[in-house]
Amino acid sequence: MANVNSVYNNSNRITGMFSDMDTDALVKNLCAAQQTKIDTQYRKKQSSEWKNTALTEIADKVKEFSNTYCSVLGSSSMLKSSTYSKYSVTTTSTSGAVTVDAGGEAFDGKITVSVEQLAGNAAANGKTGISTGTELSAKNTATLSELAFATPLQFDAKGNISFKINGKKFEFSGDTTLQNMISTINADADANVTMKYSRLTDSFTVTSDNGGKDGKVTIENISGNAFGEGGAFGIGEGVFTEGAQNAIAYINGVRVEREENEFTIDDVSYKLNATTEEEMQFSVTRDFSSTVDAVKTFVNAVNDLLSSVKLYTDAKDETRTYKPLTDAEKDEMTEDEIEKWEARAKGGILSGNQDLEKLISSIKDAFFSNVGGTGKNLTSIGISTGGYFDTDAGLLKLDEDALKAALEKDSDAVVNMFTGGNSSVSKEKQGAVYQLRNSLNAYLSTSNNLVEGLDKEVTGIEDEIDTMEDKLAKLAEKYYNKFAAMETALAKLNSTAGYISSMFAG
């Protein structure tokens, strides 16, 4: 909103010279009715903007909650089976030769594991002592031309060395640092190898990134003498298979062979760390405590959402007393006074809002109506609500012991109460999470329409204010012209009176 004083305070005007009247104040009073109309529209616009901001903030919170807990892609999704089906693995063995972890699709039971052979990767191992000293380069920072090889590194006519690893060609100049060469090779997906220089052994190794008995590393020198017989790097040309072998383990007596030391069978993950003739014993058991923790986190998040919405609906409505301030009113107040005034002016902007009250009701309804086609609600597994006079009135409460007992008795039934059915079946057949998601989506649709309507309303009010301010400016200009004409007439009158007076004096 433009500063209304700019309509009246114009330094180009010279007023009241002969009449000695405060013309600006007079014009301002004469235009007061029009200014009041503008102020009314401005307050209406400001209220709509505040309401729009509040609704947008709530919608953002609802979206965040829904995306986190009510979507299968959410970071804490309550629709994923893994949320309710987790297993813990225990062992009495202390060797650490095998590590076992169980996923959500595993089974309770005992597992025995022994390891005959670890998987290995093919490697081209260079000869030791390839430098003239104890190492080629501290921290691999020297350039290739600066490296002190026992067999000097030779470059081609263009000053480069070139070679192929697993069919991928590499070319480096003498200005390339040792580390840059190694990093370039290691980052190449086609070469699929890891090259290292060891200062301990003063040697290079090139290892395949793929494990198993079929792994290999092929090296072909093209120009210069990096690789090959008598090459500077100490690694010849050809196909290298040394170290390539599969892992061999026995799981519950069944021989298992894999290319890697880490693999998963029946949603149980195995990591082979060392060979062992000992049959290591593992116990896989359902871990209900993690499910209780997930539900607890979910209930707390629901309460946070409910509390955020209730801050708006339960706020004291003081909008009749504390209306939005105009620019002219702000000019008469301190920043602290303005801040406190506006806090009360917009604090109750959504007090008693029916859409928000409906949202709160529908959220609770998902927990206290029958769910998943079970004919029961979540109170039967330990979820209730705070009493009217309690500090947590209107919020959810979780009895963790009751929930754990329900899971131990019939975990499938409990899971069905949360995730049964889908969004399109009848409400009583939907799990609580689907009911909740439908309610949140319904609110977001309503909220989106309200926000769009308020955006249009604000735009319309802005247009009205522009029109009314133009009218105010023209009205003020009309009055200023009248006062200017009066000043001109007074000037002439004063001039005539002065002439007549001078004649009589003569």
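This structure is a prediction, so every number in the text was calculated from the model and none was measured. (Residues numbered from 1 in each chain as written. Predicted model: local features only at pLDDT ≥ 70, side-chain atom pairs only at ≥ 80, totals over all residues. Heavy atoms only, no water.)

Now for the overall build of the protein. A tally of regular secondary structure across the protein gives 11 helices and 17 strands. Relative to the compact-globule value of 23 Å for 506 residues, the protein shows a C-alpha radius of gyration of 41 Å, a clear excess of over 25%. Counting only C-alpha atoms and orienting by the principal axes, one finds that the protein spans roughly 130 × 80 × 35 Å. Expressed as a percentage of the 506 residues in the protein, the buried residues total 41%. Nonlocal contacts in the protein, meaning residues at least 24 apart in sequence, comprise 69% of its contacts between residues at least 6 apart. On the protein, roughly 27100 Å² of surface is accessible, and the fraction owed to carbon and sulfur atoms is 48%. In the protein, 50 positive and 73 negative side-chain charges are present, and the distance between their average locations comes to 6 Å. (Helix = DSSP H or I, 4+ residues; strand = E, 2+ residues; numbered from the N terminus. Rg over C-alpha atoms; globule rule 2.2 N^0.38 Å. Buried < 20%, exposed > 50% of the residue type's maximum accessible area, 1.4 Å probe, protein only. Contact = heavy atoms within 4.5 Å. Areas by Shrake-Rupley, 256 points an atom, 1.4 Å probe, with all protein chains shown as cover. Lys, Arg positive; Asp, Glu negative; His and termini not counted. Charge placed at Lys NZ, Arg CZ, Asp CG, Glu CD.)

The strand order across the open sheet formed by 4 strands is 6-5-9-10, and the pairing between neighbours is antiparallel. Every other strand in the sheet has two partners, leaving strand 6 (168-173) and strand 10 (238-240) as the edge strands with one partner each. Adjacent strand axes in the sheet meet at a mean angle of 25°, parallel and antiparallel pairs treated alike. Bridge count between strand 5 (residues 160-165) and strand 9 (residues 217-223): 4 bridges; the pairing is antiparallel. Considered in strand 9, the bridge of Ile165 is made with Ile219. Docked against the sheet, helix 5 (residues 178-187) engages strand 5 and strand 6, running at close to 165° with respect to strand 6. (Pairing = 2+ DSSP bridges. Axes fitted to C-alpha atoms, helices over the stretch in contact; angles between N-to-C directions.)

The subject of this paragraph is the nonpolar core. Side chains that are nonpolar tend, in soluble globular proteins, to be buried together. Phe65, Phe298, Phe367, Leu378, Phe418, Leu436 and Leu440 are the most contacted members of the largest nonpolar core, which has 55 residues in total. Listed by contribution, the elements that provide at least two residues to this core are helix 3 (32-69), helix 6 (288-313), helix 9 (354-368), helix 10 (400-419) and helix 11 (432-505). With near-sequence residues (within four places) excluded, Leu378 lies in contact with Phe367, Val371, Ile383, Met417, Phe418 and Ala432. Of all hydrophobic cores here, the second largest spans 31 residues; its members include Val206, Phe227, Ala232 and Phe233. (Core = buried A, V, L, I, M, F, W, Y, C linked by side-chain atoms within 4.5 Å.)

According to the stated counting rule, one finds 15 aromatic pairs in the structure shown. Taken together, a centroid distance of 5.1 Å and an interplanar angle of 35° make the contact between Phe65 and Tyr69 tilted. Highlighted residues: Phe65 and Tyr69, both in helix 3, separated by 4 residues, approximately one helical turn. Of the two residues, Phe65 and Tyr69, neither departs from the other in class, the shared state being buried. Their ring planes at 75° and their centres at 4.9 Å tell us that Phe163 and Phe227 sit as a pair that is edge-to-face. (Phe/Tyr/Trp six-rings, centres within 6.5 Å; stacked < 30°, edge-to-face > 60°.)

What follows concerns the sheet that holds strand 14 (residues 268-272). Pairing within the open sheet is antiparallel, and its 3 strands lie in the order 2-14-13. Two strands lie at the open edges of the sheet, namely strand 2 (98-102) and strand 13 (262-265), each paired on one side alone. On average, each strand axis in the sheet is inclined to that of its neighbour by 20°, with strand direction left out of account.

Secondary-structure assignment places Leu30 in helix 2 (residues 23-30). Of the residues examined, Leu30 reaches a relative accessible area of 41% and is grouped as partly exposed. Sequence-wise, Leu30 and Tyr434 are 404 residues apart; in three dimensions their C-alpha atoms are separated by 63 Å. When near neighbours in sequence (up to four residues on either side) are disregarded, Leu30 contacts Tyr479 and Phe483.

Along the chain, Asn261 falls in the loop between strand 12 (254-258) and strand 13. A polar contact of 2.6 Å, which involves the side chain of Asn261, links it to the backbone nitrogen of Ala119. Asn261 has contacts with Leu118, Ala119, Ala247, Tyr270, Lys271 and Leu272, leaving out every residue within four places of it along the chain. (Polar contact = N/O pair within 3.5 Å; in protein donor to acceptor, adjacent residues only side chain to side chain.)

Within the chain, Asn166 stands out as a residue other than glycine whose phi angle is a positive 50°. Looking at the secondary structure, you find Asn166 in the loop between strand 5 and strand 6. If you check the backbone angles, Asp266 has positive phi at about 55° while not being a glycine. In this fold, Asp266 is placed in the loop between strand 13 and strand 14.

The next point concerns the pattern of salt bridges. Throughout the structure, instances matching the rule amount to 10 salt bridges. Across the salt bridge formed by Glu329 and Arg43, the nearest N and O atoms sit 2.6 Å from each other. Linking Glu329 in helix 7 (residues 327-330) with Arg43 in helix 3, this pair joins segments that are 286 residues apart in sequence. Residue Arg344 pairs with Glu318 through a salt bridge whose shortest N-O separation is 2.6 Å. Remark: Glu318 occurs in the loop between helix 6 and helix 7 and Arg344 occurs in helix 8 (residues 335-347); sequence separation between them is 26 residues. Looking at Arg344, the relative accessible area reads 38%, which means it is partly exposed. Residue Glu318 is classed as buried on the basis of its relative accessible area, which comes to 15%. (Salt bridge = Lys/Arg side-chain N within 4 Å of Asp/Glu carboxyl O.)

Before going further, it helps to spend a moment on the environment of Glu116. Following the sequence through the fold, Glu116 ends up in strand 3 (residues 109-117). Spatially, the C-alpha atoms of Glu116 and Thr275 are 5.5 Å apart, while their sequence positions differ by 159 residues. Beyond its immediate stretch of four places on either side in the chain, Glu116 contacts Ile248, Ala249, Tyr250 and Thr275. Looking at Glu116, its side chain comes within polar contact range of the side chain of Tyr250, at 3.3 Å.

Along strand 7 (residues 193-198), the buried face is formed by Val193, Met195 and Tyr197; none of Thr194, Lys196 and Ser198, which line the opposite face, is buried. What sits between strand 7 and strand 8 (residues 203-211) in their antiparallel hairpin is a turn of 4 residues, with Asp202 showing a positive phi close to 55°.

Before going further, it helps to spend a moment on the environment of Gln46. Looking at the element boundaries, Gln46 is found in helix 3. Along the backbone, Gln46 and Ile461 are 415 residues apart, and their C-alpha atoms lie at a distance of 9.9 Å.

All right, on to a negative patch on the surface then. A cluster of acidic side chains, namely Glu462, Asp463, Glu464, Asp466 and Asp470, defines a negative patch on the protein surface. With respect to the element layout, Asp463 can be found in helix 11. (Patch = residues over 30% accessible without salt bridge, like charges linked within 9 Å, V, L, I, M, F, W, Y side chains within 5 Å.)

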